Amino acid sequence: MSARILDGKALATEVRARIADDVARLTAEHGVRPGLAAVIVGDDPASQVYVGMKHRASEAAGMRSEQHVLPADTAQEDLESLVRQLNDDDAVDGILVQLPLPDHLDSRAVQELIVPAKDVDALNPYTAGRLAIGDPTFLSCTPYGVLELLAHAGVETSGANVVIVGRSNLVGRPLSVMLTLKGRDATVTLAHSRTRDLAGVCRGADVIVAAAGQIGLVTADMVRPGAVVIDVGTNRGEDGKLVGDVAFDEVAEVAGAITPVPGGVGPMTVTMLLQNTLEAARARRGLPQR
Ligand code: NDP
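Quick look at the structure, then. Fair warning: this is a prediction, and the values are worked out from it, not measured in the lab. (Residues numbered from 1 in each chain as written. Predicted model: local features only at pLDDT ≥ 70, side-chain atom pairs only at ≥ 80, totals over all residues. Heavy atoms only, no water.)

## Thoughts on helix H7 (residues 172–180)
Regarding H7, the residues found buried are Gly172, Pro174, Leu175, Ser176, Met178 and Leu179. Buried residues along H7 sit in contact with helix H5 (125–132), helix H6 (141–152), strand S5 (161–165), strand S6 (187–191) and strand S7 (207–210). (Buried < 20%, exposed > 50% of the residue type's maximum accessible area, 1.4 Å probe, protein only. Helix = DSSP H or I, 4+ residues; strand = E, 2+ residues; numbered from the N terminus. Contact = heavy atoms within 4.5 Å.)

What follows is the structure, given as structure tokens:
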């Protein structure tokens, strides 16, 4: 293997320690303990695991974490009423509604209801709109984590050709916006299932971000020697193990740097949720960001 491994777990540990220090200082100096409220509807096992991870991570960082578990047959109006209550609760700085919601619920309407000042998951269309026009706003957690991984690895985005595979509102699309903003200055190709000659498109990339949810989609022949490969994919292999979208072993032979799955982007996603919650707690009280 020639590629440098970009260790998201180690970076997450480092960033979370800094967040914990900042939380301790905020509490000591201003009596503020940032609070994260997570809402989960139904008993989807993956959602329970994700919310559990976020809960433990926020408590470990010294934040206040509350979980609201609603039954699978919760009515839209009851869910919306809980979100309104959390909007009005001064002890809550960040609100997270875990997706997917059961089919009968309108997740877009719920996301729109979260007040922008507490939209730490950055899924409210208002937040996405501010990002698109380059105004300061919360950054959605997974793309934010990808940016942090690139920055920490010393990857220069200015002028770089970045190919993102996957155009979801959760990952690919917001990441494409973040990377093309002034200051990051990448030239981005946002690829998807209709992209012609994906392999050829990827071969032109200095950085490839795979976020398609397809095991083994990115293979060695698609990667220019020395390119940086970020694997967002989180899929269950036939043996039940977690695997990414990148054929890791063969791509690691040609890439310059690569993130593993697990231990790459995943830990950074949770970390950036904590970062957003900390920023929300400061901003809501008019305190400067550090
Ligand atoms: P979506 O299913 O919403 O989007 C997948 C995207 O990939 C779509 O734009 C789709 O194209 C594109 N795509 C699918 N197959 C191909 C293909 N063969 N070639 C090119 N493009 C393709 O997924 P998400 O964005 O929600 O998630 C993507 C992956 O990232 C999943 O594995 C998910 O589990 C993981 N994930 C990981 C996170 C983490 O913290 N590590 C957080 C969030 C997601 P089209 O639009 O044309 O259908």
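## Considering the pairing of strand S8 (residues 228–231)
Neither face of S8 is open: one carries Val228 and Ile230, the other Val229 and Asp231, and all of them are buried. Summarising the sheet, S8 and strand S11 (residues 257–258) pair through two bridges and their orientation is parallel. Across the sheet, Val228 pairs through a bridge with Ala257, a residue of S11. (Pairing = 2+ DSSP bridges.)

## A look at the sheet that holds S6
With respect to topology, six strands assemble into an open sheet ordered S1-S11-S8-S7-S5-S6, the strand pairing being parallel. If you trace the sheet from one side to the other, it starts and ends with strand S1 (4–5) and S6, each paired once. Where S5 meets S6, five bridges bridge the pair, whose relative direction is parallel. Pairing of Ile164 across the sheet is with Leu190, part of S6.

## Comments concerning the pattern of salt bridges
Going through the model one piece at a time under the given rule, you end up with nine salt bridges. The residue Glu80 makes a salt bridge to Arg84 at a minimum N-O spacing of 3.9 Å. Residue Glu80 and its partner Arg84 are located together in helix H3 (residues 76–88), separated by four residues, close to a single helical turn. In this structure, Arg284 and Asp93 form a salt bridge, with 2.5 Å as the shortest nitrogen-oxygen distance. Note that Arg284 is positioned in helix H10 (residues 265–284) and Asp93 in the loop between H3 and strand S4 (94–97), a separation of 191 residues in sequence. Relative accessible area serves as the criterion here: at 26%, Arg284 is assigned to the partly exposed category. For Asp93, a relative accessible area of 0% gives the class buried. Sharing partners across several salt bridges, the network here consists of Arg18, Asp22, Arg25 and Arg282. (Salt bridge = Lys/Arg side-chain N within 4 Å of Asp/Glu carboxyl O.)

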